Amino acid sequence: MSDRLIKLLLSVLVSMTVGFAVYPYLFPTEYAKHTAKDEQPAVVKRDNKVDDWERDDADDEAWKEEEPVVDDGPDERVVRQDDDSFNEEDVPEDPKQNKIPESRVHAQFTSSLASIQQMENKYARAEKENYFNDDFPAERWNDPVAIYQEIADRVLIKLGNLDEKTILAFMESSPNRLDLARLTIIRKIGTTGVGQLAAQPGGAEMLAAIMRDLNWCNGILYSGPTRNLGHGLANLLTLYTEDKEAILNDEVIKKTATTCALEFAREGWPDEFMKQRYDFYSSSYKEGRLNALYKDLLYWDMRLVTGCAEGNNEGPCWGGARNLKWMRDNVRLPVDRYLGSEYQLQYRLRNVAGDSVFSGDYLGPVWEYTDHTIAWAHREIGGVCGALSHYASFGALSNGLPAMPMGEPGHCAYALRVNGEWRRGNSIYWQHGIQKTLWGQNEWDFLILMQNLYSQHFRTMISDQLIAMADFLGARKKMTASFNCYELALHAQPLNWPAHARYAGYLKLKAPNDYKKWKALHDAVVDGMGSKKYGHYCAAGKLLANSVYPGLVPLIKDANTRNKMFASFFKDIEGWGTNRWEVKDLLNAQIAYCKDNKERKDFLHDVLYVLMAKKDYSGAVLTWGLGYVSKLPDEDGKTQEEFSNMMVRAMARTKTTKKELDATWGALGEAIAAAEENGERATFQAIGRLAYAKCKSKFEKKNIKAPRFPGKVISQTALIKPATTMGDGDMKNACQHWAVLQRFGGSIPGKFEGDKTGTLIQLDSKCDITGAVVVLKNPIEKDKLKPAFTLQASDDGQNWTTIVRESDYDGKLTLKFDARQAKASGKFLRIVRIGEKYEPGMTGVYVYGKQIKNR
Amino acid sequence: MNRRSLFLSLVSLAAMALPTQAATMRSYPDALSKAGHKPIVLFCYGANYDEVSKKAYEEFVKQHKLQSVLQKCIFVEVPIYQLPDERQKREMEKVIGKAGLPGGIFSYPSLAVVDDGGNLRGIVQKADEIQDVEAAKAALAKLLEAYDQQESLITKAEKAGGTVKAKLLMQAAEVRGVNLPPDAGEGGKRNKGMKDNVGLGARQSFDPITVMEKTFTMDSNAEVETYIRGLLNKPGYSLAQRQEMLAALAGHLRRNNGSVDKIRSLYTEMRELDPDSMYGAYAQGALDMWVDKKPIAATAPSEINRTNNAIISDSDGPSVVINDNSADDTDDTPVINDGHTAMGTRAGAGSTPKKDEPQVDSMEDE
């Protein structure tokens, strides 16, 4: 018995010894797997980015991956994945997860969206308390692969069968969210990049500090794009090394440092100026010199401030530390009073010495005196729109308030945020190009979209986290769950523009021929940010044109179905949404898919049917359409005419009630102004006649009595073009220009200056000219009688001959040009006055002569 | 001396021993109505958003550190709230009143010196002036002294007439650091009966841009010089205005092949008029740039290289390229142009009339 017992014990002992010895080889731990891998370099399956998605940081040498080493075993290193690329890790396929899930409509997300709504409150509480976890101290960051694998394994275990409910339940827990954020940061930098950062003095310590702090991780990841994140964290390390205590202990300083670091890396601005920018904002905040609103900024809007443009301190920059400091101390105002603060500068195109604002001579003499400080120099000397708008916006920025200059055609204005609402300053036109943008889109709608998106702080964070989860699952070859997460992210936050674009990229990669998926994405955009509830038509249109149509449209074989889909975008839109937008961009994108004139005509029919009924759009669409048509090949001489007539008829069919009269008048004015600008005479005439038919009451019957010359009036069917630049108000009344050529008269501004600036008349065809009569709005001022007006003629609008050297003024309102002696002909006429600028209004312009047959 | 008289005397002595307090008023309209010839000092400060203002308020107001320079003034605290709530709005309305603050206040905190007509006569608001109580006190004291001097001259002028009045008002205008109020200028109520033989009117209506623009209409350098010298020879203009005239002349010569020696002498003349002023510095800068050819202009910014006013985006969408012949004159549609009556019968240029196209009445022969 005892022998048997001894044998049994011995055999157990041997088995255990052998078992312990063999176990690690049979069932290796994750860490052991990693260690083994380190010893055996393997194949790395690299960047599977979508073929035409550019990596923006290709020149970022410091953060390039090591070359892959060829071998047979798995590689657990994580290749850096930027915002525009999709990588897959070297893991086995999951057979349960390689199916593209069925498309779902919004209603099928109801249950998950209800959970998300509840999660928002929990997120709010969690952010207030913040969550820290020190499970990855500094010394472990020298081995980021091990950390990544450890976290990835535990995340996947917790995600269980990867259904939506489990994923949302996972996200409700702060420790889990911290894990997801850590994974995402590592994936965005790559394990090589993390290792390089950790190897820097203080790098591992900073990484540990970031990766233990959920709010900090969230701020880094979910406040805008994370392009060049590795470089961004290297920037942050520079600041951390110098100002560690403040960064760790003061949330505002932490945000200041992080946003400076991220934005300078993202924009590709020089590192040394990043440090100066940080020093300015951090010291200003510490000294209590910034507006109190600064401390309440979130990460995303602090990016707009600390990442404001023009950060070059050495040059004449508004965003340089020297200028910011001067403005901070000399233009201290409550936020709303920065609107209008541009008038602290005198508007002067030339300074008192006569030097133009467009030359360095303008500020040059005071450049030393003002210590190379641009705002100060302009305050002393003056400036025009650029200086004024920069002054107002950088005044706010220097005090820690979100603002930015913005371009308008031929003008500079600015945007300023007051109480959560973006307002325009010094603005003269609807078209704004904002200077600071997170997504590379500079239309005004994107500024408002950004504001609306991030104002829903927790909802957007959940959506962004779902995108991060989708990216992670996609990288882990869990395609089914990845699709589900992307789609839920879009439905959770329909305003998440970058999320939509990213999902389109994934779709292109994984399901390029899945019509239903593409159509579902299209509908999500149209019913989401493109709906009248949100009114982000510009952003939605860009998303469709750039990210959705290229995938979706080639899958639609029937042109009719395609045109109906294009028109569906316009069906429910109401007004311009957040701001007027370039509807022509979307129309151009859509019509580009038409293969021939028949398809184009059908497209125009469908789209015009919808758009011409919308008073805000009719003018812009008419202008676009006529412009487009004028560029069509016109081999048979009829195509353009046919298209133009179709469009004018479409406009003519629209009802113009008394209430809508102004809108129609404005729309036609805009269209006729565009025709003037483009020299499209036939279009000019067609719109003029249409305006007369639809808005007769807008034309004053002036009953003009003017002298005449032999022949017939040949200018009635001409195009007339003033030399003045038209503002919005002038444009609305531009149909009066057409009326100037008619018997009843109209109104057109004159601008005469030098030998080239004057009023142009483009006749229907080449004619013999006997004379011209101009009826002025007011008598000519005495000091403007000399020099007299001159009439020139040309066959081509380029080479001019003077046919009447001196006009005959009757002392009242009429100028006559007697060309009978000249025996001249031409298709173009020009009235000029060689002298200083003179701008008399005109009410009638009539050219007499005879058309030359057989041109 | 009875007990009562003794008591009053003691109280008076005690009052004299204490520093005189500035008259503080709760509202700007009250201050305007009661100021008389006294200056009103408005302490405008960011009341709920600005730590710098908070510190200034603590020192200037709570700790009375400006008191010694405010003795002859009416002092009003003007809180400026950021995004005010209803109570704060009411408070601001009460303090500021309907007329509003005068223009020219560019930054808070600041100390604005205003007269009873609501004219801003001067202001302490530059960063280096307002940064601490000593600097602010010194700047305010200087400003108030200038105000007193100017006001006393205007008061004297009010009692005088004709050319004496003009002379006194001109002296008032010459006091540096304060603005002459508009009502002391031409046509103003404090100006009645003045016979302007000193150029006060020309001084007050002077516009340097008009002068500069006029030089652009002249045919020769000699004509410009004659014009500017003519202005310079007239009385009344301030030093800054004269410097502006010289800047216009020198600028014109510089751009129109004037000799370097001439330009040097003009900028030197301009500088020497008032070397410590901004235009004194301008003149020195001009000498450095254009006479001594130091490379300043290369580093100074100009509007065109930094306004970003061309950042209107182009479409990112697919562009349409369909045989773009827009540069040609494509409008070669055949036209039946029968002169005066043509328009009336044609619906579209070169097309036959269509039922649903608009028609326009014809132009009749005269």
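Cut-off values and rules
- Residues numbered from 1 in each chain as written.
- Chains lettered and ligands numbered in written order.
- Predicted model: local features only at pLDDT ≥ 70, side-chain atom pairs only at ≥ 80, totals over all residues.
- Helix = DSSP H or I, 4+ residues; strand = E, 2+ residues; numbered from the N terminus.
- Contact = placed C-beta atoms within 7 Å.
- Buried ≥ 20, exposed ≤ 12 C-beta atoms within 10 Å, placed from the backbone.
- Core = buried A, V, L, I, M, F, W, Y, C linked by C-beta atoms within 7 Å.
- Pairing = 2+ DSSP bridges.
- Axes fitted to C-alpha atoms, helices over the stretch in contact; angles between N-to-C directions.
- pLDDT = per-residue confidence, 0-100.
- Expected span 1.5 Å × (residues − 1).
- Parallel < 35°, antiparallel > 145°, perpendicular 65-115°, else oblique.
- Nonpolar A, V, L, I, M, F, W, Y, C, P; charged D, E, K, R; others polar.

So, about the overall build of chain B. Each helix and strand in chain B was counted, giving 14 helices and five strands. Expressed as a percentage of contacts within chain B between residues at least 6 apart in sequence, the contacts between residues at least 24 apart total 58%.

Right, let's get into the overall build of chain A. For chain A, the helix and strand inventory stands at 31 helices and 14 strands. A burial count over chain A gives 53% of its 855 residues as buried. Sequence-distant contacts, at least 24 apart, represent 76% of the contacts inside chain A between residues at least 6 apart.

Moving on, we get to the nonpolar core. Cys217, Cys485, Ala489 and Ile672 of chain A together with Leu42 of chain B are the most contacted members of the largest nonpolar core, which totals 312 residues. By size, the runner-up hydrophobic cluster in this structure holds 14 residues, among which are Ile154, Ala157, Leu180 and Val198 of chain B.

Turning to the sheet that holds strand E3 (residues 74–80) of chain B, a few remarks are in order. Residue and element names in this part refer to chain B. Taken in spatial order, the five strands make up an open sheet running E1-E3-E2-E4-E5, and their pairing is mixed. Taken across any chain shown, the strands that pair with only one partner, and hence form the sheet edges, are strand E1 (23–25) and strand E5 (120–124). This sheet shows a mean twist of 25° between the axes of neighbouring strands, independent of strand direction. Where helix H6 (residues 133–159) meets the sheet, it contacts strand E4 (110–114) and E5, and its direction lies at approximately 165° from that of E5.

What follows concerns the environment of Asn179 of chain B. Locating Asn179 of chain B in the fold gives a position in the loop between helix H7 (162–174) and helix H8 (200–205). Leave out the neighbours within four places in its chain, and Asn179 of chain B touches Leu120, Arg121 and Gly122 of chain B.

Let's shift gears to the confidence of the model for chain A. Of the residues in chain A, 90% have a pLDDT of 70 or more, and the chain-wide mean is 88. With pLDDT under 50 throughout, residues 12–70 of chain A is counted as low confidence; its partners more than four residues away or in other chains account for 78 contacts.

Quick look at helix H10 (residues 229–249) of chain A now. Note: α-helices contain 3.6 residues per turn, so residues at a spacing of three or four share the same orientation. Relative to the 30 Å expected for 21 residues at 1.5 Å per residue, H10 of chain A spans just 23 Å between its end C-alpha atoms, considerably shorter than the ideal helical length. Buried residues belonging to H10 of chain A abut helix H6 (174–189), helix H7 (191–199), helix H8 (203–211), helix H11 (251–267) and helix H12 (271–286) of chain A.

This brings us to the sheet that holds strand E2 (residues 411–418) of chain A. Residues and elements named next belong to chain A. Spatial ordering of the open sheet is given by E3-E2-E1-E4, a layout of four strands whose pairing is antiparallel. Because the sheet does not close on itself, it has two edges, and the strands there are strand E3 (421–425) and strand E4 (433–434). Strand direction decides the pairing type here: strand E1 (residues 403–408) and E2, joined by six bridges, are antiparallel. In the strand pairing of E2, Met404 is matched with Ala415. Most of the contacts of helix H16 (residues 385–398) go to E2, to which it runs at about 20°, and overall it touches E1, E2 and E3.

A few words now on the environment of Met206 of chain A. Residue and element names in this part refer to chain A. On the secondary structure map, Met206 appears in helix H8. You can call Met206 buried: it has 24 C-beta atoms within 10 Å. Along the backbone, Met206 and Pro137 are 69 residues apart, and their C-alpha atoms lie at a distance of 9.9 Å. Those residues in contact with Met206 that lie beyond four places of it in its chain are Leu236, Leu237 and Tyr240.

In this chain, Lys786 of chain A is followed by Pro787 of chain A through a cis amide linkage whose omega measures -5°. Examined against the element boundaries, Pro787 of chain A turns out to sit in the loop between strand E8 (759–776) and strand E9 (790–794). Residue Pro109 of chain B is reached from Tyr108 of chain B by a cis peptide bond, and omega for that bond is 5°. Tracing the chain through its elements places Pro109 of chain B in the loop between helix H4 (86–96) and E4. One non-glycine residue, Lys823 of chain A, adopts positive backbone phi at about 50°. Of note, the phi angle at Lys293 of chain B is positive, near 55°, even though the residue is not glycine.

Let's shift gears to the pairing of strand E13 (residues 824–832) of chain A. Residues and elements named next belong to chain A. Of all nine residues in E13, eight are buried; the element is thus mostly enclosed. Sheet topology note: the E8/E13 ladder contains seven bridges and is antiparallel. Bridging across to E13, Ile761 finds its partner in Leu829.

On to the confidence of the model for chain B, then. Residues and elements named next belong to chain B. Averaged over all residues, the pLDDT of chain B equals 80, while 76% of them reach at least 70. Under a pLDDT of 50 for its full length, residues 11–20 has, in the predicted model, three contacts with residues more than four places off or in other chains. In this model, residues 305–366 is a region of pLDDT below 50 whose contacts with residues beyond four sequence positions or in other chains number 132 contacts.

The subject of this paragraph is the packing of helix H21 (residues 515–527) of chain A against helix H22 (residues 537–552) of chain A. Residues and elements named next belong to chain A. Running from amino to carboxyl end, H21 crosses H22 at an angle of 170°, the nearest separation of the two axes being 10 Å. The angle between the axes of H21 and H22 places the two elements in the roughly antiparallel class. Contact residues: H21 offers Trp518, Lys519, Leu521, His522, Val525 and Val526, while H22 offers Ala540, Leu543, Leu544, Val548, Gly551 and Leu552. Its residues assigned to classes, the contact of H21 with H22 shows nine nonpolar, two polar and one charged.

Another aspect to go through is the environment of Val145 of chain A. Mapped onto the elements, Val145 of chain A comes out in helix H4 (residues 144–159). Sequence separation of Val145 of chain A and Glu408 of chain A is 263 residues, and the distance between their C-alpha atoms is 50 Å.

What follows covers the pairing of E1 of chain A. Residues and elements named next belong to chain A. Most of E1 is tucked away, with six of its six residues classed as buried. Going residue by residue along E1, you find Ala403, Pro405 and Gly407 tucked away on one face and Met404, Met406 and Glu408 tucked away on the opposite face as well. Counting the residues between successive antiparallel strands, the hairpin from E1 to E2 contains two residues, one of them, Gly410, with a positive phi of roughly 70°. Of the pairings in the sheet, the one linking E1 to E4 comprises two bridges and is antiparallel in character.

As a further point, take the packing of H7 of chain A against H8 of chain A. Residues and elements named next belong to chain A. Two elements in contact, H7 and H8, have axes separated by 5 Å at closest approach and are oriented at 120°. Across from Val194, Leu197, Ala198 and Ala199 in H7, the residues of H8 making contact are Gly203, Ala204 and Leu207. Along the lines of polarity and charge, the residues of the contact of H7 with H8 split into six nonpolar, one polar and no charged.

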